[in-house]
Amino acid sequence: MFNRSYVWSYHLMLLPGIIFLILFSIIPMFGILIAFQDYQPTLGLFHSDWVGLENFSYMFSLPDSKLILVNTLVIAIMKIIAGLIVPFLFALLLHEVVSVKFKRTIQTIVYLPHFMSWVILSGVMINILSLDGIINHIIQLFGFEPIMFLQSNHWFRPIVVASDVWKEFGFSTVIYIAALASVNANLYEAAAIDGANRFGRLLYVTIPSLLPTVILLATLSLGNVLNAGFEQILNLYNPIVYQTGDIIDTYVYRAGLLETQYGLATAVGLLKSVVSFLLITLSYTLASRFANYRIF
Amino acid sequence: MKAKALSLLLCASVAMSLTACGSNNADESGNQAAAANSETGSNDASATNTEPAAKDDGPFTKYDEQITVSLGRQGVSGNNLPDGDTLENNKFLKYVEDRLNVKVKYEFSVEDMDAYNQKVNLTIASSTIPDIMVVNEQQFKRLAKAGSLADLTDIYEKYSSPLIKEYYSSYSDDRVLNTGRIDGKLYGLPNTNIDGSYQLLWVRKDWLDKLNLKVPSSIEDVKAVAKAFKEQDPDGNGKPDTVGLLGDKSIVGDGGFFTFDPIFNLNHSYPKSWFKDDSGNVVYGSTTPETKQALAQLSEMYKDGLIDKEFLTRKWEDNAGLVSSGRAGILFAPWFAGWMLSDNVKADPNAEWVPVAGPVDGEGKRNVVPSAPSGTFLVVSKNAEHPEAALKMLSVEYEGIRLIDPASQEIYKDKGVSWLNYPLNLQLDFQDALARDIPVYDKVLQDNDMKDLPARLIPRVNSILKNHKEPKKDIAAFADSLAFYVAGAVTGAKEIAKVNPIFYGSTETMVKRGANLDKLENETFLRIITGAAPIDDFDKFVTTWKSTGGDTVAKEVEESIK
Amino acid sequence: MMIRGNNRIVDAVIYCMLAVVAFFSMAPILNTLAISFSGKVAAMSGQVYFWPVDLNVSAYKQVLGDRDFFRSFGVSVERVLLGGAINFIITVLMAYPLAKSAKLFPGRNIYMWFIVFCMLFSGGLIPWYMTIHSLGLLDKIWALVLPTAVPVFNVILLMNFFKGIPKELEEAANMDGAGPWKTLFMVFVPVSLPALAAVTLFSIVGHWNAFFDGMILMQHKENWPLQTYIQQLIVNLSSIMNTTDPEEVKRLSNISSQLLNAAKVMVSMVPIMLIYPFLQKYFVSGIVLGAVKE
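Just so it is clear, the model here is predicted, and its values are computed rather than measured.

Colleague: Mind showing me how you'd approach the overall build of chain A here?
Modeller: Each helix and strand in chain A was counted, giving 14 helices and two strands. Relative to the 2.2 N^0.38 estimate, which gives 19 Å for 296 residues, the radius of gyration of chain A is 24 Å and therefore markedly larger than a compact globule would have. When the backbone C-alpha atoms are referred to their principal axes, chain A occupies close to 75 × 75 × 30 Å. When burial is assessed residue by residue, chain A has 56% of its 296 residues classed as buried. Looking at chain A alone, contacts between residues at least 24 apart form 65% of all its contacts between residues at least 6 apart. Of the roughly 12,700 Å² of accessible surface on chain A, 70% is carried by carbon and sulfur atoms. Positive and negative side-chain charges of chain A, numbering 14 and 15 respectively, have mean locations separated by a distance of 14 Å.

And the structure:
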């Protein structure tokens, strides 16, 4: 029930966080104006020339902009989907394990790759995928021709997605495990009394209790639809796979554009933010209308 | 008489050893004054300076009251300072501070190149640049255009030591210093890129001997050696684990390791450089028919397995690993690859690497494009209170780096501390810094006499002598000897023929469209080499390159050289 | 506890699948570990897989003697403690009121969308840098913990967990005269331990792994957190290509040591490996809710 004095406490609780957000998030947003300027540091934000949407049109006039946009979207979407499904399935499997020790060991192990940077991991991967690496040894064992994975436009995207999942799934699993840990144990008892078998409990108790978390993570991950993983691709790609692997961030990086063209850099950032915001709002609306579930 | 001749030679060439030279040598007077000045550090010594006008104030004059200078620096990776000293607090720095009564305040110091550029860009963008920093060409131009830099024209004349001026004037037509000039005014002190950073052909001599092959000279020899090294088990371990010629995905590049420049150059092709053709038109080296020919050759070699199949995915350290573990025995790399190769010799004392000026073309020439004269610039903020301090610090610093001032010779003696721990990391040297010392080494080895050597050469000569007496015993000495002496000599070989480009640096469209054009070029070239695209894609590349900005760039280049 | 079927085959299959996945996850770490204990040449030749070649511990000796490494280690620990604490307090304080419906807390939706907006939009690196610069935070530990004080993702996560807590609990607390503050800390926090452990883990790990802000906001090497320091080490190798200074090239050729970097990466992972099992215990203790009989 509504209580006025409670509301004051609520405002007070939010106050410190809001202050920090204003200081470090809202104030720097004056910089968004740079996207519409030919920004010159010595002139500053208020005296640089206004150029309207020129930075945006330049962005789309680049000869490869279409290819790069497609690569970015394809890789990012594949990553989002795989990054949702794999941890979910893994958490379900882990949930079935009775031995606490085994459970904890596995959980610890799978999340370790999260702590290795792509600089290190890419070295390991190039090693494993090389002509005399383990994978090709196995392939040859079965009598197939060795494959140069990282020089193949056929293989590059799957490798990028798979290795990203490999690095991050253990970490996302943590959220599901925390969610599972909060499931009311009575529900399982009730299901057991109703005669549900193992599969039934999975279907009628475990999965439904995870669904809100899945929807939440799915929505939030839409914010990454234009982030295909700069560090990873930078460390794995080479000119032969530009066709399938060159993304917005790597292109802009190579161009050194961010160094010199502040307007363009800000425009790219703004475009990403707007797209993320639209997608998240859309999925928020859909979730609340059709699943009657409010994420925020 | 012999000793006299040698000392004269040293005076002329090294131009910084005071001990050996008579004062009647005209060439010496400037340096002597500098050195005398450094010893006393007082005002009256500067009376003998080359510029009498600067009676009370010159390169080495100490400030009466301490001044503070702020500095942005790229740090020293793997710094090896002893006793808890740091980049921001060490004896080299203190030496400069004490001689000039200057206090250096480091605004920032980061090691990685990208991180440093990031910092510089942030200070530029937020208008908070320190008094002094070293920037790249683009940053330099941007700063100058924005009017953020102090004009160094007069300051340079008055406050730089004769040695600094000599370094710059060793480059013909003032071509290094000119890169720091904009509209006739000096806004930045450029670094100097010394001669000789083109790729040599490095081969394992012990493998050649084992397989009864001669040291390669022509491209046919190179092919034969690469084939033999790959297929005939040169390491004799019974496993087909060796690779042919190493490669790098950057394809070509001045000073690059494992790049294919020599194969292009052999065909009279010079990718990424600008030339005039016979009819006087500006031509981009990557688009010539000769380049197509070289690509066809490379593609053939790749197909035949003479080039490492996986060079595209190998990083620098992967290739270095192939070398040190004895899986590669033929590669292109500059003279300073000597240090990298020494890892192999350390692991396998039988390994014998020889540098060759090759492969040579039909006329027996190894054509090379000389390095761009400079790449980085020391700039001083317009708001700096004492812009001249930059030049004074540089002058004092180089007396220390080159061990001209006896006091500086004692600092960190024999500790191998990097000179980068001096406050200003601007690299200056004579154009022929590498080749000019070779006769000195020859002489020392012949006479086994280290008398009359300038102090700065002693560590190197020690290494060379040590390795001469007991080859490969001390790997560090071996590496020094291989790089400075053996390979250094090859950089001056008679086969070397310089092909001077008409333009270095970048134009406006290059900055704007460069990423596209580079992508197009690298992608096409690598696809052709690895057989993913037919050689005729080259013609398509040329057309696209021209229409998507190449022609504009060519016009700008033509404009800029008028 | 729950009753389980005794379908052994299913169990066996599950165990095997998990073990295989775990092995693949371990691979890069085992590889790095093996490299860190190998000889230099073996490490560089790419012949080391999961077992050290030419076993030696020289890299670790060197790491343990590296002052910069330990100074950065200290900065990171400080950052994690300070940043983790700030994140925790802010997350709990923000998640609770936001978990209320708009009926109970008018203005809640405005706050919510404000936060989401802050999460998605930014003014770019330069204005951000200039703001922190003008607040005088550059080169101070506060620059690493204050701009990241509000972990929006964690707030949303915890808010959703709070929403799932039965209303009866809160109403009962209110009946007993507990106001929002007391309810939050005496009722909500104790029953949300798994979720709190998860968000705490995220914020600790986030602080531990972050290298970019250290690079941008810390002007001197002494103030770098560990990951910034490590990142620099590894990237350094490629700068060999960017110099023509003989002395510099010589020095770089000598320090190019994959195994040293591997050892540093391994040592840097140790604290997290120690903290994780400690937090983990809360993930399995999700029986608290079961204790409340409806």
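Colleague: For this particular structure, what's the right way to read the pattern of salt bridges?
Modeller: Two side chains bearing opposite charge may form a pair once their charged atoms approach each other closely. Enumeration according to the criterion identifies 42 salt bridges over all chains in this entry. The salt bridge involving Asp-64 of chain A is made with Lys-519 of chain B; its shortest N-O contact spans 3.6 Å. Separated into two different chains, Asp-64 of chain A in the loop between α2 (54-61) and α3 (65-95) and Lys-519 of chain B in helix α21 (residues 508-529) make up a pair that spans both. Pair check on accessibility: Asp-64 of chain A and Lys-519 of chain B agree, each one buried. Here the salt bridges share partners, and the residues they tie into one network are Asp-64 and Asp-246 of chain A together with Lys-519 of chain B.

Colleague: In this structure, what is going on with the UniProt feature "transmembrane region" (unreviewed entry) in chain A? I would like to understand it.
Modeller: The UniProt record marks residues 12-36, 68-94, 115-139, 169-190, 202-222 and 262-287 of chain A with the feature "transmembrane region" (unreviewed entry), using the residue numbering of this structure. Taken end to end, residues 12-36 of chain A comprises 60% helix and 0% strand; its first and last C-alpha atoms sit 37 Å apart.

Colleague: Which parts of the structure should I look at to understand the sheet that holds strand β13 (residues 376-380) of chain B?
Modeller: Strand-to-strand pairing in sheets goes through backbone hydrogen bonds, with the strands running parallel or antiparallel. All names here are of chain B. Taken in spatial order, the five strands line up as β2-β1-β3-β13-β6 in an open sheet, and their pairing is mixed. Edge positions in the open sheet fall to β2 (102-110) and β6 (189-190), since each of these has one partner strand only. For strand β1 (residues 67-74) and β2, the ladder comprises eight bridges, and the chain directions are parallel. Across the sheet, the residue bridging to Leu-71 is Tyr-106, located in β2.

Colleague: What should I look at first to understand the packing of α3 of chain A against helix α9 (residues 198-221) of chain A in this one?
Modeller: Two packed helices can be described by the angle between their axes and the distance between those axes. Residue and element names in this part refer to chain A. Orientation of α3 relative to α9, taken along the N-to-C sense of each, is 150°, at an axis distance of 11 Å. Taken as axis vectors, α3 and α9 run roughly antiparallel relative to one another. For the pair α3 and α9, the sense of crossing is right-handed. Facing Ile-80, Leu-84, Phe-88, Leu-92 and His-95 of α3, the residues of α9 in contact are Leu-202, Thr-206, Ile-207, Leu-210, Val-214, Leu-217, Ala-218 and Ser-221.

Colleague: Hey, could you run me through the interface of chain C and chain A in this one?
Modeller: Many structure descriptions define interface size as the accessible area lost when the parts assemble. At the interface, 101 residues of chain C touch 94 residues of chain A. Approximately 9,000 Å² of surface area, both sides summed, lies buried where chain C meets chain A, with 75% of it carried by carbon and sulfur atoms. One salt bridge connects Arg-198 of chain A with Asp-11 of chain C, and the closest N-O pair in it is separated by 2.6 Å. On inspection of chain C and its partner chain A, the count reaches seven residue pairs in polar contact (both at pLDDT 80 or more). Looking at which element gives the most residues to the side of chain C that touches chain A, the answer is helix α1 (residues 8-36) of chain C, with 16 residues. In terms of residue class, the side of chain C that touches chain A is made up of 75 nonpolar, 17 polar and nine charged.

Colleague: Sorry, what's going on with the packing of aromatic side chains here?
Modeller: For any pair of aromatic rings, geometry is given as the distance between the ring centres together with the angle between the planes. Residues and elements named next belong to chain B. Counted according to the given criterion, the structure contains 53 aromatic pairs over all chains. Considering the side-chain rings of Phe-260 and Phe-311, the 5.4 Å spacing of their centres and the 85° angle between planes classify their relative orientation as edge-to-face. Taken as a pair, Phe-260 in the loop between α10 (219-231) and α11 (261-266) and Phe-311 in the loop between α12 (289-303) and α13 (316-324) lie far apart in primary sequence, 51 residues in all. Of the two residues, Phe-260 and Phe-311, neither departs from the other in class, the shared state being buried. Every member of this aromatic cluster is reached through a ring pair, and the members are Phe-257, Phe-258, Trp-316, Trp-335, Phe-336, Trp-339 and Phe-484. Over the aromatic face of Tyr-156 sits the side chain of Lys-165, whose NZ or CZ is 6.0 Å from the ring centroid. Above the ring of Phe-484, the side-chain terminus of Arg-460 is found at 3.8 Å from the ring centroid.

Parameters at a glance
- Residues numbered from 1 in each chain as written.
- Chains lettered and ligands numbered in written order.
- Predicted model: local features only at pLDDT ≥ 70, side-chain atom pairs only at ≥ 80, totals over all residues.
- Heavy atoms only, no water.
- Helix = DSSP H or I, 4+ residues; strand = E, 2+ residues; numbered from the N terminus.
- Rg over C-alpha atoms; globule rule 2.2 N^0.38 Å.
- Buried < 20%, exposed > 50% of the residue type's maximum accessible area, 1.4 Å probe, protein only.
- Contact = heavy atoms within 4.5 Å.
- Areas by Shrake-Rupley, 256 points an atom, 1.4 Å probe, with all protein chains shown as cover.
- Lys, Arg positive; Asp, Glu negative; His and termini not counted.
- Charge placed at Lys NZ, Arg CZ, Asp CG, Glu CD.
- Salt bridge = Lys/Arg side-chain N within 4 Å of Asp/Glu carboxyl O.
- UniProt positions renumbered as here; feature names shortened; annotations may be inferred.
- Pairing = 2+ DSSP bridges.
- Axes fitted to C-alpha atoms, helices over the stretch in contact; angles between N-to-C directions.
- Parallel < 35°, antiparallel > 145°, perpendicular 65-115°, else oblique.
- Left-handed = near helix turned anticlockwise from the far one by under 90°.
- Buried area = accessible area lost by both parts, 1.4 Å probe.
- Polar contact = N/O pair within 3.5 Å; in protein donor to acceptor, adjacent residues only side chain to side chain.
- Nonpolar A, V, L, I, M, F, W, Y, C, P; charged D, E, K, R; others polar.
- Phe/Tyr/Trp six-rings, centres within 6.5 Å; stacked < 30°, edge-to-face > 60°.
- Lys NZ or Arg CZ within 6 Å of the ring centre and 35° of its normal.

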